[in-house]
Amino acid sequence: MIDLYETQRAMRQMRKAAMQRGVVAILDLGTAQTTCLILRFDGGHLPGNDGVGPLAGQSRFRVIGAATTRSRGMRFGEIDVMQETERALRTVVQAAQKMAQVRVDHAIACFSGAGPRSYGLAGQIDLAGDSVRESDIAAVLASCEVPDLGPDRTILHAQPVNFALDHRSGLTDPRGQVGNTLAADLHLLSVDAGVVRNLLHCVKRCDLELAGIASSAYASGISALVEDEQSIGAACIDMGGGTTGISIFMRGHMIYADSVRIGGAHVTSDISKGFGISLGLAEKIKCYHGGLVPTGRDDRDMIELTGETGDWEHDRREISRSELIGIMRPRVEETLEAVRERLDAAGFEALPSQKIVLTGGASQVPGLMGLAARMLGHQVRLGRPLRVQGLPQAATGPGFSAAVGLSMFAAHPQDEWWDFEIPAERYPGRSLRRAVKWLKENW
Amino acid sequence: MCAMRAPRDDYAPSRIAYRVNRLWLSPIFRITMLWLLPMGVIGGGIGLWASQPGSQELVRSIQVAVMARMRDQPDFQVKQMAVKGASPELTREIRRVLDLQFPMSVLDLDLDEIRVKVSAFDAVAHVDAHVVLGGALMLEITQRKPVVIWRNARGLALLDEEGHRVAVTERRDGAPELPLIAAAGAEDAIPEALAIVAAAEPLKDRLRGLIRQGERRWDVALTGDQVIQLPETGAVAAMERVLAMDEAGDLLGRDIRVIDMRNPDRPTIRLGDEAFAYLKTLRGLEKGMSN
């Protein structure tokens, strides 16, 4: 635990340094595409009298560089071949730097894989009728019992989502209030430590300092869900290339995150296998002709398949669009079924709001709305990332919701466990703080 | 996924290219390469070249050649000199002293030196020297006007109102209409002297001159060796008083050597020899009569 505290705290320090420099890179390492946004922070001054408010906190930064490239060496949202991933990262960072004309030294990254697992923790301390101070919050967070995460797992997010004082629950900030018992609910997200280590190493190899990491399902939820959905409760399904991320938001906090290891790349590989064509061509006809709901016209809508095998008959085939739909649909259905299972396992139907937002690059396939509405419930919509200042038109599609969400996360990070002081009792060894505390209590 | 467009060739910058690119984007390196380094190279090159004696010679010879060509331009030629506001003698003298060889280039003309030289003349109060369009040097001179003749140990001089010497003269009758003043320190009190002379207008025929005494007061010398001694202050008033006395009692027509007005409350006279002998006789008679 202490180990992770230190890493995450170091990242927070790095983030502070990046804010001072005013320039930070946002890296979205996906399975299909790698995106880099370069943000410039203007010191947080808000426009005074022109009636423009803080705009959900986005007015503090501006996107000055954006680049995206095909991912290399990534599988299921995890780094598979590090050299290849590093090349993709270099390409995208260099292109974004060229657009921004500024050198960037700090990066905040998100990734979708690494088997995220959510835990809900609860902690409680006795206040003895005193008012709640910051140290009490740290103490109540520290009192949460951390479950056995399993071998080689690490904590990615640990966010307090709810505070309760005596019998009043649902407090967002209990500081200054008086009570006898302070209880806290903590959402903890654990991931494979090896994946995070690889990511750290890869970013370091690109001469960048990592100033924070986040789950891309969480980042997508920040940007694709509107504020009301975040507070009333909604699920964000980030349909990426190799994984489909799920995050459930409630009262402005993420309370659950998971991922399904099926994505758009599987659809492409199905098409490739089904028709015996190259992956590139499969990707192309998926993008141009793909769909999920067959109509009568699709039988007559022929798609030419080209190839370079040399076999004339094989290279000059034609398929109908309904055949293509026939291959794509089962895979998307399988994905959505898996998502449904995860949502059921998380108890999503018990939530007051059943809103589901589909985003991510794979959500652009035509007919997904109808299919998802049938499989996941009627309150489904397609989500695009929030518009942020300076974002190029090319980067406003649903495939960029994780990157945009990460930008907003960079500007306004959620308080995490490690943002509070470690209570003296939990501090290792003979620390000075412990001595000071002892002196304070006894003198 | 549709937004993803696979590049035709799988381009990615190499690690070195990436690092060089980042280095180029760092501001200090950029300023150094784009400004400091070129400036240093150019400045160093010029300095190295200029430190060679041969190149210095070359620069100097080029400079001389360029200056010579400039000098020979017809537009820069000065062909003549005009002197305005000076008497013919002074003009001749100025031409002689300046000794300019026309035509000459305006670049060789030192107007400041000409001004200094011309101002050095006693008769010149102010000189305005400039080159006018068409290639002529114009000297506009304001001449000093002599108001008195001053006799001192070295001879006779003409002075203007400020006591500045206008010319040296050898003969008193060179300027007969000017009043004569004498003795050291006379040149410092010329306005007063002029006022006294103006006040002594009725005695014009008899006035020989004014003598400065001890650099503080004036004596008026009249024909017949008569002297009027004036006080330091109120000299004009004293002079008018003498004139009034003269009018009332023909003071100056008598055998009086000196009229001493130095103490304005008590004018004193010194008699001539004959008058004094007569006065003595008269006193003896008076004495004998009283006996």
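From a predicted model like this one, the values you see are computed outputs, not experimental measurements.

Here is what the cut-offs are and how they apply
- Residues numbered from 1 in each chain as written.
- Chains lettered and ligands numbered in written order.
- Predicted model: local features only at pLDDT ≥ 70, side-chain atom pairs only at ≥ 80, totals over all residues.
- Heavy atoms only, no water.
- Salt bridge = Lys/Arg side-chain N within 4 Å of Asp/Glu carboxyl O.
- Helix = DSSP H or I, 4+ residues; strand = E, 2+ residues; numbered from the N terminus.
- Buried < 20%, exposed > 50% of the residue type's maximum accessible area, 1.4 Å probe, protein only.
- Contact = heavy atoms within 4.5 Å.
- Buried area = accessible area lost by both parts, 1.4 Å probe.
- Nonpolar A, V, L, I, M, F, W, Y, C, P; charged D, E, K, R; others polar.
- Pairing = 2+ DSSP bridges.
- Axes fitted to C-alpha atoms, helices over the stretch in contact; angles between N-to-C directions.
- 1 Å grid on protein atoms, 1.4 Å probe; cavity = no way out; pocket = protein on both sides within 12 Å on 5 of 7 lines; lining within 4 Å.
- Points joined across faces, edges and corners; volume = space filled by probe spheres on them.
- Patch = residues over 30% accessible without salt bridge, like charges linked within 9 Å, V, L, I, M, F, W, Y side chains within 5 Å.
- Areas by Shrake-Rupley, 256 points an atom, 1.4 Å probe, with all protein chains shown as cover.
- Expected span 1.5 Å × (residues − 1).
- Domains from an automatic or database assignment.
- Phe/Tyr/Trp six-rings, centres within 6.5 Å; stacked < 30°, edge-to-face > 60°.

> Which residues make up the pattern of salt bridges, and what are the values?
Under the criterion given, the structure shown has 33 salt bridges over all chains. Put simply, A:Arg90 and A:Glu86 hold a salt bridge, and the shortest N to O gap is 3.0 Å. One end of the pair, A:Arg90, and the other, A:Glu86, are both in helix α2 (residues 82–100), 4 residues apart, so they sit about a helical turn from each other. Accessibility assignment for this pair places A:Arg90 and A:Glu86 in one class, buried. As a salt-bridge pair, A:Arg175 and A:Asp173 come within 2.9 Å of each other at their nearest N and O atoms. Within the structure, one salt-bridge network assembled from shared partners comprises A:Arg21, A:Arg103, A:Asp105 and B:Arg22.

> Just give me the short version of the interface of chain A and chain B, but keep the residues and values in it.
Between chain A and chain B, the contact holds 32 residues from the first and 21 residues from the second. Together, A:Arg90, A:Gln94 and A:Arg103 form the three largest contributors to the area buried by chain A at its contact with chain B, with a combined 27%. Taken together, chain A and chain B are joined by 3 salt bridges. Close ionic contact of A:Asp207 with B:Arg19 constitutes a salt bridge, the shortest N to O distance being 2.8 Å. Only α2, α7 (264–275) and α8 (279–289) of chain A provide two or more residues apiece to the side of chain A that touches chain B. Sorting elements by how many residues they give to the side of chain A that touches chain B places α2(A) first, with 8 residues. Taken together, the residues that form the side of chain A that touches chain B break down as 10 nonpolar, 10 polar and 12 charged.

> Tell me about the sheet that holds strand β1 (residues 23–29) of chain A, and please be specific about residues and values.
Residue and element names in this part refer to chain A. On the basis of which strands lie adjacent, the open sheet formed by 5 strands has the order β3-β2-β1-β6-β11 and mixed pairing. Among the strands making up the open sheet, the edge pair consists of β3 (61–70) and β11 (209–215). Direction aside, the axes of adjacent strands within the sheet are offset by 20 degrees on average. The pairing of strand β2 (residues 33–41) with β3 spans 9 bridges and is classified as antiparallel. The partner of Leu39 across the bridge, within β3, is Val63. Packing against the sheet, helix α5 (residues 216–224) makes contact with β6 (106–111) and β11, and its axis sits at approximately 80 degrees to β11.

> Before we move on, could you go through the environment of A:Arg261 and cite the residues and values that matter?
Residue and element names in this part refer to chain A. For Arg261, the position within the fold is in the loop between β14 (253–260) and α7. On the basis of relative accessibility, which here comes to 43%, the residue Arg261 falls in the partly exposed class. Apart from residues no more than four positions distant in its own chain, Arg261 is found in contact with Phe76, Glu78, Gly242, Thr243 and His266.

> Quick rundown of empty space enclosed by the protein? Include the residues and the values.
Residues and elements named next belong to chain A. The final tally for this structure, using the stated rule, is 2 cavities of 30 Å³ or more. When its volume is computed, the largest cavity comes out at roughly 280 Å³. Asp28, Gly30, Asp238, Gly240 and Gly241 are, among the 27 residues lining the largest cavity, the residues nearest its centre. Elements supplying a minimum of two residues to the lining of the largest cavity: β1, α5, β12 (234–239) and α12 (401–411). In terms of residue count, the dominant contributor to the lining of the largest cavity is α5 (3 residues). Residues that form the lining of the largest cavity fall into these classes: 11 nonpolar, 14 polar and 2 charged. Its boundaries defined by the atoms lining it, the second largest cavity holds a volume of some 90 Å³.

> With reference to specific residues and values, describe a nonpolar patch on the surface.
Residue and element names in this part refer to chain B. A cluster of nonpolar side chains, namely Trp24, Ile31, Met33, Leu34, Trp35, Leu36, Leu37, Met39 and Val41, defines an oily patch on the protein surface of about 920 Å² accessible area. The residue Val41 is located in helix α2 (residues 27–50) in this model. Look at Val41 and you get exposed, because its relative accessible area is 57%.

> Can you break down α7(A) residue by residue, with the values?
Residue and element names in this part refer to chain A. For α7, spanning 12 residues, the distance from its first C-alpha to its last is 17 Å, which sits close to the expected 16 Å at 1.5 Å a residue. Regarding α7, the residues found buried are Gly264, His266, Val267, Thr268, Ser269, Asp270, Ile271, Ser272 and Phe275. In this structure, the buried residues of α7 make contact with α8, β15 (302–305), β16 (317–320) and α10 (321–346).

> Explain the domain arrangement of chain B to me, using residue names and the numbers behind them.
By domain assignment, chain B separates into domain 1 (74–143) and domain 2 (148–281). Computed over C-alpha atoms, the centres of domain 1 of chain B and domain 2 of chain B are 42 Å apart.

> If you had to explain the sheet that holds strand β5 (residues 136–143) of chain B to someone new, which residues and values would you point to?
All names here are of chain B. Taken together, 3 strands build an open sheet; the order of strands is β2-β5-β4 and the sheet is mixed. Pairing within the sheet leaves two strands with one partner each, and these edge strands are β2 (80–84) and β4 (124–132). Strand-to-strand twist in this sheet, taken as the mean axis angle between neighbours without regard to direction, amounts to 20 degrees. Across 5 bridges, the pairing between β2 and β5 is parallel. When the sheet's bridge partners are listed, Gln80 is paired in β5 with Ala136. Strands in contact with helix α4 (residues 88–98) are β2, β4 and β5; relative to β2, the strand with the most contacts, it is inclined by about 140 degrees. In the packing of helix α5 (residues 111–119) onto the sheet, the strands contacted are β4 and β5, and the crossing angle to β4 comes to about 155 degrees.

> Run through the pairing of β15(A), naming residues and quoting values.
Residue and element names in this part refer to chain A. Only one face of β15 is covered, namely the face carrying Ile303 and Leu305; the face carrying Met302 and Glu304 is uncovered. Bridge count for β15 against β16 is 4 bridges, and the pairing is antiparallel. Its bridge partner lying in β16, Leu305 is registered against Arg317.

> Which residues make up the environment of B:Leu156, and what values do they have?
Residue and element names in this part refer to chain B. Along the chain, Leu156 turns up in strand β7 (residues 155–159). Classification of Leu156 as buried rests on a relative accessible area of 9%. For Leu156 and Asp99, which are 57 residues apart along the polypeptide, the C-alpha to C-alpha distance reads 29 Å.

> Could you give me a rundown of helix α4 (residues 193–205) of chain A, with the residues and numbers involved?
Residues and elements named next belong to chain A. Spanning 13 residues, α4 covers 18 Å between terminal C-alpha atoms, matching the ideal 18 Å at 1.5 Å per step. For α4, every residue scored as buried is listed here: Ala193, Val195, Val196, Leu199, Cys202 and Val203. Taken from the residues just after α4, Asp207 is the one with a positive phi, measuring 60 degrees.

> Requested: an account of the packing of aromatic side chains, with residues and values cited.
Here the distance between the centres and the angle between the planes together describe a pair of aromatic rings. All names here are of chain A. Scanning the entire structure with this criterion turns up 4 aromatic pairs over all chains. Consider the rings of Tyr218 and Phe249, whose centres lie 6.0 Å apart with planes at 10 degrees: the pair is stacked. You can see Tyr218 sitting in helix α5 and its partner Phe249 sitting in strand β13 (residues 244–250), a full 31 residues away along the chain. Comparing Tyr218 with Phe249, the two get one shared label, buried. Accessibility expressed as a relative area gives 4% for Tyr218, which makes it buried. An aromatic cluster is built from Tyr218, Phe249 and Phe409, whose rings are joined through pairwise contacts.

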